[in-house]
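# Tertiary structure, described
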Amino acid sequence: MTEIIFATNNAHKLSEVQALLGDNFHLLTPRDCGITEDIPETAATLDGNASQKSHYLYDRMGKNCFADDTGLEVEALGGEPGVHSARYATDGHDFAANNRLLLKNMEGVKNRRARFRTVISLIIDGEEHLFEGIVEGRIAESESGCEGFGYDPLFIPDGHDCTFAEMSADEKNAISHRGRAVQKLVTFLKSR
Ligand code: IMP
């Protein structure tokens, strides 16, 4: 079994990604490795943040690791909240406040097109590799569902009439931004 550190302490993300990786890979969190501080993510882009986080871990642990960064990019808002998705409404990760602000900013807006985009930076044997996953969809008029996290109650992926928060974890993983980026990561890791 291959151990890899995944730069997250978000239990939802950890279980989503572990399910996609399967039993051949064992994910460790920064906390499992004694890293308790917040890992800096101060770059201006998703790629920059993913890369900053994986390098931070690699510099400290010297072990294979990966980090992801995700943004919800809303067409009518010029790509916002984008790289600011976690801290859209407040300084913390207040999902409810973020969703309220998004709905407010989308009041009366006809163009509801949006996409989730994930970038993963993997550092393996000292080399960095980037993987991207995108899911296109639209922003609902109100929140529905209680699965998942973050903007899930407001995001309706193309080809569906329910939000991510109304889907099971398996259904979401099969088509999600992170699912697609992780699939590319898995294909890469298995091909080595
Ligand atoms: P992170 O880079 O994965 O931490 O994501 C930044 C922010 O994007 C999170 O705090 C959430 O608000 C949002 N986000 C990331 N992934 C998802 C998802 O799968 N569903 C809904 N919101 C997400």
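Anything mentioned here points back to the structure above.
No experiment lies behind these values; they were computed from the predicted model shown.

The rules behind each value
- Residues numbered from 1 in each chain as written.
- Predicted model: local features only at pLDDT ≥ 70, side-chain atom pairs only at ≥ 80, totals over all residues.
- Heavy atoms only, no water.
- Helix = DSSP H or I, 4+ residues; strand = E, 2+ residues; numbered from the N terminus.
- Rg over C-alpha atoms; globule rule 2.2 N^0.38 Å.
- Near = heavy atom within 4 Å.
- Polar contact = N/O pair within 3.5 Å; in protein donor to acceptor, adjacent residues only side chain to side chain.
- Areas by Shrake-Rupley, 256 points an atom, 1.4 Å probe, with all protein chains shown as cover.
- Nonpolar A, V, L, I, M, F, W, Y, C, P; charged D, E, K, R; others polar.
- Core = buried A, V, L, I, M, F, W, Y, C linked by side-chain atoms within 4.5 Å.
- Buried < 20%, exposed > 50% of the residue type's maximum accessible area, 1.4 Å probe, protein only.
- Contact = heavy atoms within 4.5 Å.
- Pairing = 2+ DSSP bridges.
- Axes fitted to C-alpha atoms, helices over the stretch in contact; angles between N-to-C directions.
- Parallel < 35°, antiparallel > 145°, perpendicular 65-115°, else oblique.
- Left-handed = near helix turned anticlockwise from the far one by under 90°.
- Salt bridge = Lys/Arg side-chain N within 4 Å of Asp/Glu carboxyl O.

## Structural notes on the overall build of the protein
Regarding its fold elements, the protein presents five helices and seven strands. Each helix and strand of the protein, placed in order from N terminus to C terminus, yields the pattern β-α-β-α-β-β-α-β-β-β-α-α. Rg of the C-alpha trace for the protein: 16 Å, near the compact-globule value of 16 Å for 192 residues, within the 12% margin. For the C-alpha atoms alone, the extent of the protein along its principal axes is close to 50 × 30 × 25 Å.

## Observations regarding the site of the ligand
For the ligand, the set of nearby residues contains 15 residues, the closest of which are K13, D69, D152, K172 and R178. Here K13 contributes a side-chain N or O atom positioned 2.6 Å from an oxygen atom of the ligand. In isolation the ligand offers 470 Å² of accessible surface; the protein chains occlude 95% of this area. Counting residues per element, the ones that place at least two in the shell around the ligand are strand 3 (65–74) and helix 5 (177–190). Taken together, the residues that form the shell around the ligand break down as five nonpolar, five polar and five charged.

## A word on the nonpolar core
Note that soluble globular proteins tend to have their nonpolar side chains buried in a common cluster. Residues L21, F66 and L189 are the most contacted members of the largest nonpolar core, which totals 17 residues. Looking at this core, the elements that each hand over two or more residues are strand 1 (2–6), helix 1 (11–21), strand 2 (25–28), strand 5 (113–124) and helix 5. Here this core gets five residues from one element, more than from any other, and that element is helix 5. The contacts of L189, once residues within four sequence positions are left out, are I4, L21, F25, L122 and I124. Counting 15 residues, the second-largest nonpolar core is a separate cluster that includes L102, A114, F155 and F164.

## Topic: the pairing of strand 1
In this structure, strand 1 lies alongside strand 2, joined through four bridges in parallel fashion. In the sheet register, T2 faces strand 2, and the bridge partner there is F25. Judged from the two bridges that link them, strand 1 and strand 3 form a sheet pairing that is parallel. Directly across from F6, in strand 3, lies its bridge partner F66.

## Side note on the packing of helix 1 against helix 5
Geometrically, a packed helix pair is captured by the angle between its two axes and the distance between the axes. Their axes nearest at 9 Å, the elements helix 1 and helix 5 cross at an angle of 45°. Taken together, helix 1 and helix 5 sit at an angle that is classed as oblique. The hand of the helix 1/helix 5 crossing is right-handed. In this structure, helix 1 uses K13, E16, V17, L20 and L21 to contact helix 5, whose residues at the interface are R178, G179, V182, Q183, V186 and L189. Residues of the contact of helix 1 with helix 5, tallied by class, amount to six nonpolar, two polar and three charged.

## Brief notes about the pattern of salt bridges
Evaluated as defined, the whole model comprises 12 salt bridges. Here D69 makes a salt bridge to K53, at a shortest N to O gap of 3.7 Å. Pair noted here: D69 is in strand 3 and K53 is in helix 2 (residues 46–61), with a separation of 16 residues, a long-range link. Residue D69 is classed as buried on the basis of its relative accessible area, which comes to 8%. D125 is the salt-bridge partner of R192, the closest N and O atoms lying 2.5 Å from each other.

## Looking at the environment of L27
Among the structural elements, L27 can be located in strand 2. Residue L27 is classed as buried on the basis of its relative accessible area, which comes to 5%. Along the chain, L27 and I4 lie 23 residues apart, while their C-alpha atoms are 5.2 Å from each other.

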